[in-house]
Amino acid sequence: MAKIIDGKRISAEVKDECKERVKREQLDITLAVIQVGNDPASTVYVGNKKKACEYIGIHSLAYELPEKTSEKELLELVEKLNKDDEVHGILVQLPLPEHIDEDKVIRKISPKKDVDGFHPQSVGALSIGQAGFVSCTPAGIVQLLKRSGVETEGKECVIVGRSNIVGKPMALLMLRENATVTVCHSRTKNLKEVTKRADILIVAIGKPKFITAAYVKEGAVVIDVGIHRNENNKLCGDVDFDSVAPLASAITPVPGGVGPMTIAMLMNNCVEAKGIQEA
Ligand code: GUN
């Protein structure tokens, strides 16, 4: 039976390290969080981000803008926050309403304040091994692996999913950790054959319980990025936990695996942002 990788415990560890640093170095940090409209999932995420800031001792400025906010108004707000020396991190919660071009808004955020790591300059820096903010979910997965003692060097890492937020930055991070990386997606042929090569299998495809034991090599480490509600209103991931856990050497549960790491890494990026702007 697999060891359970406890994301709740590890995220608490990361957050406590941030809290300790903020206190020790007496850091005065402000994160601006912008939400446009009232998508219920976004409201929950934004609320959790504000709570995490409070726990760590980071000030949060909440901008709750109406659905009808224009692209121009949003771009002007981002520009104002870019110029404000009291603001260290800027986060625009996605998705944005359809009439707003998300890419344009992300590009407007100063790379020095891009705590989500979504700006093309942040992604470019990651791809050529330079310093910059890293997208929080993949950065959190690296912490889960490191803090669970999973060796990455020379290992076969297969990533299922190629999104800009998870799959692609994940591949770059695992390369940085010296793994041999394969990225699979919806057009991959013989997916099972590829995933069965993985020593470390990272799944972010957005399909409930898609990865069963038939896709997994015995002894693999399995990381599940998905989160869904099943027919009984219970949370489940992209991995069929009950069938995969007996075969894997370690596995993240849903909930309590990857999920809690995203906010912990956001807090870490806010602390880093303060350091960059003071330098
Ligand atoms: N929407 C869903 N996840 C995220 C995230 O990590 N950052 C932002 N800004 N929006 C999101």
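Note that the structure is a prediction, hence the values are computed from the model and not measured. (Residues numbered from 1 in each chain as written. Predicted model: local features only at pLDDT ≥ 70, side-chain atom pairs only at ≥ 80, totals over all residues. Heavy atoms only, no water.)

### Topic: helix H1 (residues 7–24)
Every α-helix winds through 3.6 residues per turn, so residues three or four apart in the chain are directed the same way. For H1, which comprises 18 residues, the first-to-last C-alpha distance of 25 Å matches the rise-based estimate of 26 Å (1.5 Å per residue) to within 8%. By the burial criterion, the buried members of H1 are Gly 7, Ile 10, Ser 11, Val 14, Cys 18 and Val 22. Buried residues along H1 cover an arc of 120° about the axis, so they all sit on one side. Away from its buried face by more than 90 degrees, H1 exposes Lys 8, Lys 23 and Arg 24. In this structure, the buried residues of H1 make contact with helix H2 (40–56), helix H6 (136–147) and helix H10 (259–278). Just beyond H1, the residue with positive phi is Gln 26, at close to 50°. (Helix = DSSP H or I, 4+ residues; strand = E, 2+ residues; numbered from the N terminus. Expected span 1.5 Å × (residues − 1). Buried < 20%, exposed > 50% of the residue type's maximum accessible area, 1.4 Å probe, protein only. Arc of directions from axis to C-beta. Contact = heavy atoms within 4.5 Å.)

### What to know about the environment of Lys 112
Structurally, the position occupied by Lys 112 is in the loop between helix H4 (102–108) and helix H5 (120–127). Given the relative accessible area of 51%, Lys 112 is considered exposed. When the C-alpha atoms of Lys 112 and Tyr 63 are compared, they prove to be 20 Å apart, with 49 residues separating the residues in sequence. Not counting the four nearest positions on each side in its chain, Lys 112 is found in contact with His 88, Phe 133, Ala 273, Ile 276 and Gln 277.

### Focus: the packing of H6 against H10
As a packed pair, H6 and H10 sit with axes 8 Å apart at the nearest point and diverge in direction by 100°. If you check the angle between H6 and H10, you find them roughly perpendicular. Residues Cys 136, Thr 137, Ala 139, Gly 140, Gln 143 and Leu 144 of H6 form the contact with H10, whose own contacting residues are Met 261, Thr 262, Met 265, Leu 266 and Asn 269. Tallied by class, the residues present in the contact of H6 with H10 amount to 6 nonpolar, 5 polar and no charged. (Axes fitted to C-alpha atoms, helices over the stretch in contact; angles between N-to-C directions. Parallel < 35°, antiparallel > 145°, perpendicular 65-115°, else oblique. Nonpolar A, V, L, I, M, F, W, Y, C, P; charged D, E, K, R; others polar.)

### Things to note about the site of the ligand
Every residue close to the ligand is listed here: Lys 49, Leu 91, Val 92, Gln 93, Leu 94, Asp 116 and Phe 118. At 3.2 Å from a nitrogen atom of the ligand is found a side-chain nitrogen or oxygen belonging to Gln 93. Coverage of the ligand by the protein chains reaches 79% of its 280 Å² of free accessible surface. Tallied by class, the residues present in the shell around the ligand amount to 4 nonpolar, 1 polar and 2 charged. (Near = heavy atom within 4 Å. Polar contact = N/O pair within 3.5 Å; in protein donor to acceptor, adjacent residues only side chain to side chain. Areas by Shrake-Rupley, 256 points an atom, 1.4 Å probe, with all protein chains shown as cover.)

### Some remarks on helix H7 (residues 167–176)
Residues of H7 that are buried: Gly 167, Pro 169, Met 170, Ala 171, Leu 173 and Met 174. Among the structural elements, H5, H6, strand E5 (156–160), strand E6 (180–184) and strand E7 (200–203) are those in contact with the buried residues of H7.

### Overview of the nonpolar core
Within soluble globular proteins, side chains that are nonpolar generally end up buried alongside one another. Grouped together as the largest cluster of nonpolar side chains are 50 residues, with contacts concentrated most on Leu 31, Ile 58, Ile 202 and Met 267. Here the element with the most residues in this core is H10; it accounts for 9 residues. Setting aside chain neighbours within four positions, we find Ile 202 in contact with Ile 141, Cys 157, Val 158, Ile 159, Val 160, Met 170, Met 174, Ile 223 and Val 225. Counting 19 residues, the second-largest nonpolar core is a separate cluster that includes Ala 2, Cys 184, Val 222 and Ala 245. (Core = buried A, V, L, I, M, F, W, Y, C linked by side-chain atoms within 4.5 Å.)

### As for the side chain of Gln 143
Examined against the element boundaries, Gln 143 turns out to sit in helix H6. Of the polar contacts made by the side chain of Gln 143, one reaches the side chain of Arg 147; its length is 2.8 Å. Beyond its immediate chain neighbours, meaning those up to four positions away, Gln 143 contacts Ile 10, Met 261 and Met 265.

### Considerations on a negative patch on the surface
Among the surface-exposed residues, Asp 28, Asp 84, Asp 85 and Glu 86 lie close enough to one another that they form a single negatively charged patch. Inspection of the secondary structure puts Asp 84 in the loop between helix H3 (71–83) and strand E4 (89–92). Asp 84 sits in the partly exposed class, given a relative accessible area of 30%. (Patch = residues over 30% accessible without salt bridge, like charges linked within 9 Å, V, L, I, M, F, W, Y side chains within 5 Å. Salt bridge = Lys/Arg side-chain N within 4 Å of Asp/Glu carboxyl O. Lys, Arg positive; Asp, Glu negative; His and termini not counted. Charge placed at Lys NZ, Arg CZ, Asp CG, Glu CD.)

### Here's the deal with the sheet that holds E4
Spatially, the 3 strands line up as an open sheet ordered E3-E2-E4, and their pairing is parallel. Looking along the sheet, the strands with just one partner apiece sit at the ends: strand E3 (59–65) and E4. Going from strand to strand, the sheet's axes swing by 15° on average, the running direction of each strand aside. Relative to E4, strand E2 (residues 30–36) runs parallel, the two being bridged by 4 bridges. Among the inter-strand pairings, Ala 32 is bridged to a residue of E4, identified as Ile 90. The strands that H2 touches are E2, E3 and E4; relative to E2, the one it contacts most, it runs at about 170°. (Pairing = 2+ DSSP bridges.)

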